[in-house]
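Descriptive analysis of the structure
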Amino acid sequence: MSIKPDFSLFEKQDQILGHGDFKYKVDMKWGNLDPTKVPVVNCHEMVMDRKGRMIMLTDEAKNNVIIYDQSGKLLDTWTLGLKSGHGLTLVDEGDAEYLWVVDNGGRVLKTTLDGKIITEIKNPKEVGIYSEDMRWTPTETTVAPNGDLYIADGYGSQYFLHYDSDGNFIRKFGGDGHGDAQFKTAHGITVDQRGGAAPTLICTSRGHNSFKRFSMDGEYIETMFLPGAFVCRPVIHGENLYAGVCWSRLKYLEQMPDSGFVTILDKNNKVVSNPGGTAPEYKNGELQLMVQSEPVFKHCHDVCIDQDENIYVCQWNAGKTYPIKLTRV
C-alpha cells in the first residue's frame, strides 16, 4: 500500500486571502521551530515590542514565552512554569515596557520583557470581590491611558474587573447572561482611542458573536454584532480593529471545529475583510452571516499587527503548530 504525501501545507503556502484593500499572502512556515527544543501546545497570544520583536505566549510550561524577530528567527524563550498561559498584554510605561500575563489557572502577573515578576493580582475570592461559589478563570487584560488595569474573567464568572494603577479594586461589570451589558465568554478587552476619541473599552462576548463597547467606568454603550464569528480579543492597529475568529457557524448554523478565520473592521466598525472567511456582506445596513471559506486556519486565537500591517496569527487547538504570517499585498 502506497502512502500519499500530505500536500495541504504546500497548497496553503502563498495563497492569497482577504477582501478589498486588505489582502494577504499566507506564510505557513514563518514561525516554525524545532518542537523537540521549543515545543508549543497552543500559541495563544502575541504582541510586538518597541524593537519590533514578536513576543508570543504559549501554555507549554517549558517555554511560556517565545520571542521571534520579524523574519521568524528565534531570539529567546523564557518560562514562568504556567500550564495554562492564555492572555498577553504589552504596556509601555515610558521608562520600560512590561507584560501582563494571564494564566487560566487564576494568575494575573506583571513581568518585565525577560520574565521577571513585578506584581501579581490577588484572586478576587481572597479579597472579597467574589464569593466562594463564583468561578475565577481569567483570560485577558488591558491597561488604560491612566494606568488602570482591566481583567476579563472570560472562562469564569463573565465579569470584567477594574483596578487602579496601584492594584486597588474599583468595580466589576458584566456578568453572565444575554442582556446588552452581559456576556457569554467575556474573552478579551482593549482600549479604543481611534480617531482621537475619548477612550472606551471594547469587550468580547464570544458566544454572542459580538464586541461590546463600554465606558471606562463600565457603562454599556453599544454592541458590534458579527454574526457567525466567535471572536477572541480585539486588537487595534491604526484606525482598524482586527480579531482572530476561533470558530464559525458552518453547518446548521452550529459552532463547528476547525472553522476559524480573521476579521478586520474599519474605523466605523464595518467589516471590510475576512482573511480565510467569506467576504463581508451588508444588506440594508445589517452584516450577514460570516463563515470560513478557505480551510487555512483551524482556531484563530489572536492576531498581532506589525508596522507594515502584516498579520501574525496564533492558534488554539491546531495540532501544536506555530504562528502563521499573513503578508499584506
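Located above this text is the structure these notes cover.
The rules we used
- Residue positions are given per chain, counting from 1 as you read along its sequence in written order.
- Whole-chain, interface and lining totals are the exception, using all residues; otherwise, since this is a predicted model, local features are given only for residues with pLDDT of at least 70 and side-chain atom pairs are given and counted only at 80 or more.
- Computation of side-chain values covers all heavy atoms of the structure but excludes hydrogens and water.
- Only protein chains enter the accessibility calculation, which uses a 1.4 Å probe; a residue is then buried when its area is under 20% of its type maximum, exposed when over 50%, and partly exposed in between.
- Here a strand is any run of E in DSSP of at least two residues, a helix any run of H or I of at least four, and the numbering for each starts at the N terminus.
- Strands are labelled as partners when DSSP assigns at least two bridges between them.
- The rule for a disulfide is simple: a pair of cysteine sulfur atoms within 2.5 Å.
- To define axes, lines are fitted to C-alpha atoms, for helices over the stretch in contact only, and angles between the resulting N-to-C directions are given on a 0 to 180 degree scale.

Considering the pairing of strand E8 (residues 97-103)
Judged by how many residues are buried, E8 sits mostly within the fold: 7 of 7 residues are covered. Burial along E8 is two-sided: Glu-97, Leu-99, Val-101 and Asp-103 and Tyr-98, Trp-100 and Val-102, pointing in opposite directions, are all buried. With 7 bridges joining them, strand E7 (residues 85-92) and E8 adopt antiparallel strand pairing. Paired with Asp-92 across the bridge in E8 is Glu-97.

Focus on the state of the cysteines
Summed over all chains, the structure comprises 0 disulfides. With no disulfide of its own, Cys-246 lies closest to Cys-232 among cysteine sulfurs, the gap being 4.4 Å. For Cys-246, a relative accessible area of 1% corresponds to the buried category.

Notes on the pairing of strand E14 (residues 169-174)
For strand E13 (residues 159-163) and E14, the ladder comprises 5 bridges, and the chain directions are antiparallel. Residue pairing in the sheet places Leu-161 in a bridge with Lys-172 of E14. Where E13 folds back on E14, the antiparallel hairpin that results is connected by 5 residues, among which Gly-167 adopts a positive phi of roughly 85°.

Observations regarding the sheet that holds strand E29 (residues 324-328)
If you trace the 5 strands from one edge of the open sheet to the other, you get E1-E2-E29-E28-E27, paired in antiparallel fashion. Each having just a single partner strand, strand E1 (16-19) and strand E27 (300-305) make up the two edges of the open sheet. In this sheet, adjacent strand axes meet at a mean angle of 25° when their direction is disregarded. Note: strand E28 (residues 311-315) against E29, 3 bridges, orientation antiparallel. Looking at the pairing, Tyr-312 lines up with Lys-325 of E29.

So, the sheet that holds E7
What the 4 strands build is an open sheet, ordered E7-E8-E9-E10; its pairing is antiparallel. Lying at the two open borders of the sheet, with one neighbouring strand each, are E7 and strand E10 (117-121). Averaged over neighbouring strand pairs, the angle between their axes works out to 20° when direction is ignored. In the sheet, strand E9 (residues 107-112) pairs with E10 via 4 bridges, with the strands oriented antiparallel. Within the sheet, the bridge partner assigned to Leu-109 lies in E10 and is Glu-120.

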